[in-house]
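Take a look at the letters that make up each chain.
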Amino acid sequence: MSAPVTSPQGQAPELDTVRDWKNPIIYAIFAVVGLVGFAFNAPGTTATFDISAGRDAVQLAPVVVPTVPVGWACALILIAIAVFSFLQTQAGRKDPRWMPIAYAIVFVVGFLVWVVGGANKTDVSLVGLLAGSVTMAVPLIFGSLSGVLSERVGVINIAIEGQLLAGAFAAAVAASISGNVYVGMLAAAIAGVLVSVVLAVFSIKYLVNQIIVGVVLNVLVSGLTGFLFSTVLSRDSATWNSPPSLPVIQIPVLEHIPILGGILFRQTIVGYLMYAAVIITYIGLFHTKWGLRVRSVGEHPKAADTLGIKVNFTRAHNVMLGGAVAGLGGSFFTLVSVSQFTKDMTAGQGYIALAAMIFGRWNPIWAFFAALLFGFATNLRFVLSILGTPVPGEFLAMLPYVVTIVAVAGLVGRSRPPAANGTPYIKG
Amino acid sequence: MKNILSATRRRASVGAAVLSVSALLLAGCGEAPQSSEGNGNGGGGETKAANSDYLGCIVSDSGGFDDQSFNQSSYEGLKAAQEELGIKIQEAESQAPTDFEPNLNSMVQSGCDLTVTVGFLLGDATKKIAKQNPEQNFAIVDFNDPEFTDNVKPLVYDTAQAAFLAGYLAAGMTETGTVATYGGVKIPTVTIFMDGFDAGIDYYNKQNNADVNLLGWDRKSQEGTFIGDFENQSAGKTNTANFINEGADIILPVAGPVGLGTVDAVKEANKSGKDASIVWVDSDGYKAVPEAQDLFLTSVMKGITKSVKDVITADVNGKFNSQPYVGTLENGGVSIAPYHSYADDVPKELKSEIEDIKAGIIAGEIDVQSDASPEQ
């Protein structure tokens, strides 16, 4: 009851009496890192970025970047933004909204030029780096959408991992048996819903602690799919575990846009459904009557109930919808990414999706970008280890998580869950 | 109000109980120790009957017995012993490191004569349980420790020797002048492949004045590309695509099932005009992954199945010893697979050079160094 009134997007209201020095300090720290690293310690070589993939119609020449001037330029921009942010804060004004994003982009560019220039192999495929990032991000995006749908009605969804894994398993088996990829996709969605039904029944009807139900479901799906994999799938993989792959659909004209065209517009249907799901979820949640009801159930179920919204029905409904989305995302593993199911192949990505959702402030669009950032950081670590940088491998492995901590602590601001998240609703 | 509250509590506790019991039951399905009778049907009835009270056991690491890798090979060794000797066997799969000791203890309590533990990761658990149970014998695959008691036989493999041959072959076969390798997790049984592969490429460069480049592993700094687990196939695929983008055309994935991601990445790259191939590890890829037979240049194989079977046979005959078994090119414990689909593509000279190098390694003239090589 004491929670402040918030805008529909869930941002905290501006408090103009308190000056928050957090952002300028973070900017300053990283500007110093940039100055010492990218500028003073620039490797003095050039870094080459290939921006055309083999099958592009228009072949562009690789971009060759001298590390010293670019390093200095990036460091100076970072310093300028830090100074500007100090002045803004001093004057009691808030930073413009584009600033953290611009700062992050300049920092990443500076870092890339510095690290590639200093590597054993100073030539990197930029297209490959970005394409791999998107591939790594697809299941995370579906998973975080599932989380958003479920948590916006107040049901904590730890079971994303289980929904993805169940989807991957069902897609592989159904597509193998039927020989039809679309049957596989349908089965994946249904499997995700089945996991969600258990989550919904136990957390909404039987009021079990939602986090515990979620964790238990993950263990259950892992055990069940692992058991079936050992006893059925691996005995006769030709029948049970050799699904066909989804065809790649190329969108004419758009696919020829340099760099991004081939990445965004040469996708399978699951990839395009992902874009659609992000947009539809966003519009649905924030610009429709349905979305208003859903959010009211997650923020203040009692008030929603008094207005005649069926709280538990809405909750169950949304949790299952989330399951369908995550299940569909699971089909990406076995129908797009690789061509068979193996034990625990989701490898904890459901939990990363959960982090992306929190990082994205329970908002589909921001969760989408958060997942892309995770994908980028993960693939960047692989690419950097290939190039042979002086940075030790263990540090590179930390990259995605360091990025998260910095971004969540510094640039995102307060991440506030729906007020009734995790609280079962008991009428009476 | 009180009624509602107590009703609520009742519902919650019934729900929790039902849910957790069912989860435990299902999660337990995969790991319950199973016992099966020796099914030696044909011939040699008498010796088999004599062995039917011998119990051979096995505990996997979290990969499980169908990992198309060392757990599976070890299990096949035990199965082969069961068929040949008519012994009884018992198995337990570990889902997580916390299962290692309980699984080993349950084997000890079942009265196993010899328990095979699979993998580096079970090293500590095996050491501890073996020390507490000196009456029973143990054999551990892929790990050695000087502190082992004398009821433990380590089975280790100098994989670097075979990987050296594969590295030389890959360097001779690459058309882009770049080859690549990556690992699942940075542990000695993985890096030994990468070390040997790297050394083989260096040797090729020196002998032929060539400049073949290896991505993903640096033998000197012991740094390279690792996925971080043995499960995330998508990461294996993306990572392999990265290698191909950077110009590699022969890839050595040392990552168990994650290597299947490499198979998909190479398939896709070849569809769009590349000509990439794979060197598989542990077992012969041509047999282990039948749907991609045309992609395997060769495989770096460890004779785990045979050595597991041998140690059980020795124990059945009362000849168990704790002397470590070290698989080498010389005793056939490590080897490279036939070229299969590439038999016609590998030039004759290269084939004979590889035979010469193999002889050189066996004779000790060529030194294959790896930090991870087992002591002989």
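Undergrad: So what about the overall build of chain B? Which residues, and what values?
TA: Looking only at helices and strands, chain B has 12 helices and 15 strands in total. Looking at chain B residue by residue over its 376 residues, the buried ones come to 56%. For chain B, long-range pairs separated by at least 24 residues make up 71% of all intrachain contacts whose partners lie at least 6 apart in sequence.

Undergrad: Report on helix H4 (residues 100–109) of chain B, specifying residues and quantitative values.
TA: All names here are of chain B. Taken residue by residue, H4 has Phe 100, Asn 103, Leu 104 and Met 107 as its buried positions. Buried positions in H4, seen along its axis, are confined to an arc of 95° and lie on one side of it. Tucked into the core, H4 has its buried residues touching strand S2 (55–59), strand S3 (88–92), strand S4 (114–118) and helix H5 (123–132). The first or second residue beyond H4 is Gly 111, which carries a positive phi of 80°.

Undergrad: I'd love a proper account of the interface of chain B and chain A, names of residues and values included.
TA: Residue-level contacts link 44 residues of chain B with 43 residues of chain A. Considering each element in turn, the side of chain B that touches chain A owes the most residues, 12 residues, to helix H1 (residues 2–28) of chain B. When the residues that make up the side of chain B that touches chain A are grouped by side-chain class, the tally is 15 nonpolar, 19 polar and 10 charged.

Undergrad: Can you lay out the confidence of the model for chain B for me, pointing to particular residues and giving the numbers?
TA: Residues and elements named next belong to chain B. Counting all residues, the mean pLDDT for chain B is 87, and 86% of those residues have values of 70 or more. Taken as a whole, residues 28–33 scores under 50 in pLDDT and shows 18 contacts with residues more than four places along the chain or in a different chain. Across the assembled chains, the prediction reports ipTM 0.85 with pTM 0.85.

Undergrad: Summarise the nonpolar core; cite the residues concerned and give the values.
TA: The tendency in soluble globular proteins is for nonpolar side chains to be buried side by side. With 240 residues, the main nonpolar core has Ala 356 of chain A together with Ala 166 of chain B as its most contacted residues. If near-sequence neighbours (up to four positions away) are discounted, Ala 166 of chain B is found in contact with Phe 197, Gly 200, Leu 252, Val 279, Thr 298, Val 300 and Ile 336 of chain B.

Undergrad: Mind laying out the pairing of S4 of chain B, listing which residues take part and the relevant values?
TA: Residues and elements named next belong to chain B. The buried fraction of S4 amounts to 5 of the 5 residues, a majority that puts the element mostly inside the structure. Side-chain alternation along S4 places Leu 114, Val 116 and Val 118 on one buried face and Thr 115 and Thr 117 on a second face that is also buried. Of the strand pairs in this sheet, S2 and S4 are connected by 4 bridges, and their pairing is parallel. Bridge assignment links Val 59 to a residue of S4, and that residue is Thr 117.

Undergrad: Describe the domain arrangement of chain B, listing the residues and the values that go with them.
TA: All names here are of chain B. Looking at chain B, the domain boundaries give domain 1 (42–157 + 303–333) and domain 2 (159–302 + 346–363). Each partner contributes residues to the interface: domain 1 has 15 residues there, and domain 2 has 17 residues. Grouping the amino acids of the side of domain 1 that touches domain 2 by side-chain chemistry returns 5 nonpolar, 7 polar and 3 charged.

Undergrad: Quick rundown of the environment of Pro 24 of chain A? Include the residues and the values.
TA: Residues and elements named next belong to chain A. If you trace the backbone, Pro 24 turns up in helix H1 (residues 22–40). Through-space distance from the C-alpha of Pro 24 to that of Thr 67 is 27 Å; in sequence the pair is 43 residues apart. Residues within four places of Pro 24 in sequence aside, it is in contact with Ala 82, Ser 85, Phe 86 and Thr 89.

Undergrad: Got a sec to walk through the sheet that holds strand S11 (residues 250–254) of chain B? Specific residues and values, please.
TA: All names here are of chain B. Ordered in space as S8-S7-S11-S12-S13-S15, the 6 strands form an open sheet in which the pairing is mixed. Among the strands making up the open sheet, the edge pair consists of strand S8 (213–215) and strand S15 (334–336). The sheet shows a mean angle of 15° between the axes of neighbouring strands, taken without regard to direction. Across 3 bridges, the pairing between strand S7 (residues 178–183) and S8 is parallel. The residue of S8 that forms the bridge with Thr 178 is Asn 213.

Undergrad: Hey, could you go over helix H2 (residues 67–90) of chain A for me, with residue numbers and the actual values?
TA: All names here are of chain A. In this model, H2 (24 residues) spans 34 Å end to end at C-alpha, consistent with the 34 Å of a helix rising 1.5 Å per residue. When H2 is considered as a whole, its buried residues turn out to be Thr 67, Val 70, Gly 71, Cys 74, Ala 75, Leu 78, Ile 81, Ala 82 and Ser 85. Those residues of H2 that are buried are in contact with H1, strand S1 (46–50), strand S2 (63–66) and helix H3 (99–117). Where H2 terminates, the next one or two residues include Gly 92, which has phi positive at roughly 80°.

Reading the values: rules and limits
- Residues numbered from 1 in each chain as written.
- Chains lettered and ligands numbered in written order.
- Predicted model: local features only at pLDDT ≥ 70, side-chain atom pairs only at ≥ 80, totals over all residues.
- Helix = DSSP H or I, 4+ residues; strand = E, 2+ residues; numbered from the N terminus.
- Buried ≥ 20, exposed ≤ 12 C-beta atoms within 10 Å, placed from the backbone.
- Contact = placed C-beta atoms within 7 Å.
- Arc of directions from axis to C-beta.
- Nonpolar A, V, L, I, M, F, W, Y, C, P; charged D, E, K, R; others polar.
- pLDDT = per-residue confidence, 0-100.
- Core = buried A, V, L, I, M, F, W, Y, C linked by C-beta atoms within 7 Å.
- Pairing = 2+ DSSP bridges.
- Domains from an automatic or database assignment.
- Axes fitted to C-alpha atoms, helices over the stretch in contact; angles between N-to-C directions.
- Expected span 1.5 Å × (residues − 1).

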